[in-house]
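Structure assessment
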Amino acid sequence: VFDPPVDSGRGRMRVRGSSSADAEKKPYDLELWEASADDDRSEALFGLPSNGDWALYAPYYFDDALIRNSLAYGLSNDIGRYGPRTAFFELYLAQFGQPVRAVDYRGVYVLVEEVERDEDRVNVTEILPEDIAVPEVTGGYIVKIDRVGDGEAGFSAGTANGQWDFQQTFVAVYPNEQTLERAQETYLRERLNGVGWALAEEDLTDPQSGLRYDEMMEVDSFIDHHIVNVLLKNPDSFRLSGYMYQDRGGLLNAGPVWDFDRSAASPDGRAADPRWWDNQNVTTDCTDVWEFGWYKGLFDIPEFRDRYWSRFESLLLNEYSADNLDARIVGLAEGLDEPAARNRDRWGAADFQGEIAELRVWFRDRHAWMLGCIQTYEDPRDCPG
């Protein structure tokens, strides 16, 4: 017996994702619509800030702990870097006009804020078609490094003639490719190219604009974004679902973080070992975190390295202490036992509490290994597994 709905209305759901779109338990995009038009309808779902666009993440084989994405996003928020907020729910999918029945059960899902421009999400200035001159043309923008989706072409930038490798193209998220004006695209390319050329020069200055790398990029955001990905040993960090944004008149920021289902002891296997900074000890099918894109140039800069390792050690001793990491895992898992059991019956998932226990041990071991490396080695990148 189901209680009456607390909300109902029109909308559109469609399968989302790349490799995950082929899974039996499918992820979806949810767009809420007005009653009489296909315009966005903002709603505050499960207590999250109002919006019309949502992702329905489907934790499946690689994340039977159910919480990996919520964990990563929360850890980013803990240090003042926006990560999408989430809420757990159980999904039933019934055909239009049909009653909701037990056979319509689809398991535990996670409601996730889509990465988009909004004052409660990526809070950059709205850019209009007529904003084609400085200062208006300087933002706001959201871009990602990712495989191109349907209808997307992507573009190459920031490589300094191949010195920095991003593996995938940049894709305009806001404004998207259909609404991005030519002058805006030109500005965006020039900013990304400027950062790339600055990091390639001995004086760290872009010859074209005369700006140093740290006059174009918000360095601390690139440090924090890198640390969150390394902390969870995300095998696809930066090279897939890697976001950046820039507000009007501001600096290029890394983030928000996205897509951690294969991280932190996942059955994917690449992040099974809590030691090693990345997954190069397992396979080359992962991100070399010290060599990827601009990070290769950044880690050649002594002042950046000092700043990075100081920040990393401070986080491991404070916000990301072993006890704080453990408490966040326990807090996310609280109340999920019964839904997880139903999800297991539906999809044959692994034992939920066993998965959570494994995750807690993995983070304890990883925290101890990372802190030991940072406190022992002059350059912690040399720390052996």
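The structure contained in this document is the topic of the report that follows. (Residues numbered from 1 in each chain as written. Predicted model: local features only at pLDDT ≥ 70, side-chain atom pairs only at ≥ 80, totals over all residues. Heavy atoms only, no water.)

**What to know about the sheet that holds strand β8 (residues 242-246)**
Taken together, four strands build an open sheet; the order of strands is β7-β6-β8-β9 and the sheet is antiparallel. Edge strands, defined here as strands with exactly one partner in the open sheet, are β7 (169-174) and β9 (252-254). In this sheet, adjacent strand axes meet at a mean angle of 30 degrees when their direction is disregarded. Looking at chain direction, strand β6 (residues 141-146) and β7 are connected through five bridges and run antiparallel. Across the sheet, the residue bridging to Val143 is Ala172, located in β7. Seen against the sheet, helix α2 (residues 182-200) touches β6, β7, β8 and β9 and runs at an angle of roughly 60 degrees to β6. Where helix α3 (residues 219-231) meets the sheet, its contacts fall on β8 and β9, and the angle it forms with β9 comes to roughly 15 degrees. (Pairing = 2+ DSSP bridges. Helix = DSSP H or I, 4+ residues; strand = E, 2+ residues; numbered from the N terminus. Axes fitted to C-alpha atoms, helices over the stretch in contact; angles between N-to-C directions. Contact = heavy atoms within 4.5 Å.)

**A word on the packing of aromatic side chains**
Ring pairs (aromatic) are described by centroid distance and by the angle formed between their planes. This model, assessed by the stated rule, comprises 32 aromatic pairs. Ring centres of Trp362 and Phe363 lie 5.0 Å apart, and the angle between their planes is 80 degrees; this geometry places the pair in the edge-to-face category. With a relative accessible area of 4%, Trp362 lands in the buried category. The ring of Trp54 has Arg121 lying over it, and the distance from NZ or CZ to the ring centre is 4.8 Å. (Phe/Tyr/Trp six-rings, centres within 6.5 Å; stacked < 30°, edge-to-face > 60°. Buried < 20%, exposed > 50% of the residue type's maximum accessible area, 1.4 Å probe, protein only. Lys NZ or Arg CZ within 6 Å of the ring centre and 35° of its normal.)

**Quick word on the nonpolar core**
Of all hydrophobic cores here, the largest spans 94 residues; its most connected members are Trp277, Trp294, Tyr308, Phe312, Tyr320 and Phe363. In this view, Phe363 contacts Leu71, Leu231, Leu232, Ala264, Leu325 and Ile329; residues no more than four positions away in its chain are not counted. Leu48, Leu56, Phe89 and Leu91 belong to the second largest nonpolar core, which has 13 residues in total. (Core = buried A, V, L, I, M, F, W, Y, C linked by side-chain atoms within 4.5 Å.)

**Considering the sheet that holds strand β4 (residues 86-92)**
The strand order across the open sheet formed by five strands is β1-β2-β3-β5-β4, and the pairing between neighbours is antiparallel. The sheet is open, and its two borders are formed by β1 (11-15) and β4, each paired with just one other strand. Put simply, the sheet's adjacent strands are angled 30 degrees from each other on average, direction ignored. In terms of strand pairing, β1 meets strand β2 (residues 28-32) through five bridges, oriented antiparallel.

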